[in-house]
Amino acid sequence: MSLVLGLLSHTLSRVLWYSGLRKGCHAPRSQAMEQDKALEVYDIIRTIRDPEKPNTLEELEVVTESCVEVQEIGEDEYLVIIRFTPTVPHCSLATLIGLCLRIKLQRCLPFRHKLEIYISEGTHSTEEDINKQINDKERVAAAMENPNLREIVEQCVTEPD
């Protein structure tokens, strides 16, 4: 009888753990939710067009599924981290690509979020400076006030017909 109760207890414990209902063991449900959110984010950014080529960021492998990370930071609030890879280490448009990522996600993400965008470590000659620029709200706002820059961003983030 104790063997049956032990097996039943173990089975119930695993079911609760996998469903996320057992206190302190939300990992599987939360992890699955974060993975779903990461795919949702990737689906939004993959169609952004490169500022100087007729390709999308996905086609150029500037963004991939693995470059998106989502972490739950509160009830129905998430930290979205994007690490993109410019096509060349001296890409002059890396800041503009980061701006396009930020604007598209700010407009399209259907859940509350905090957004951090970075150039993948070691893939650009001035990655530290660019990372600061694309994560500074005032600089982003100032950039979007420039009509020429705003037009370029709009062309990159607008979905093709």
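Residues numbered from 1 in each chain as written. Predicted model: local features only at pLDDT ≥ 70, side-chain atom pairs only at ≥ 80, totals over all residues. Heavy atoms only, no water.

## Notes on the confidence of the model for the protein
Alright, step 1. Taken over all residues, the pLDDT of the protein has a mean of 86, while the share at 70 or more is 81%.
Alright, step 2. In the model, residues 21-26 has pLDDT below 50 throughout and makes 8 contacts with residues more than four positions away in sequence or in other chains. (pLDDT = per-residue confidence, 0-100. Contact = heavy atoms within 4.5 Å.)

## Describing unusual backbone geometry
Alright, step 1. With phi around 60°, E61 is a residue other than glycine that occupies positive phi space.
Alright, step 2. With respect to the element layout, E61 can be found in the loop between α2 (27-45) and β1 (68-74).
Alright, step 3. Unlike most non-glycine residues, D76 shows phi in positive territory, near 60°. (Helix = DSSP H or I, 4+ residues; strand = E, 2+ residues; numbered from the N terminus.)

## A short note on the packing of helix α5 (residues 137-145) against helix α6 (residues 147-157)
Alright, step 1. Following both chains from N to C, one finds α5 and α6 inclined at 95°, their axes separated by 5 Å at the closest point. Judged by the angle between their axes, α5 and α6 are roughly perpendicular. Facing α5, whose interface residues are A143, M144 and E145, α6 presents P147, L149, R150 and V153.
Alright, step 2. Class assignment of the residues belonging to the contact of α5 with α6 gives a composition of 5 nonpolar, no polar and 2 charged. (Axes fitted to C-alpha atoms, helices over the stretch in contact; angles between N-to-C directions. Parallel < 35°, antiparallel > 145°, perpendicular 65-115°, else oblique. Nonpolar A, V, L, I, M, F, W, Y, C, P; charged D, E, K, R; others polar.)

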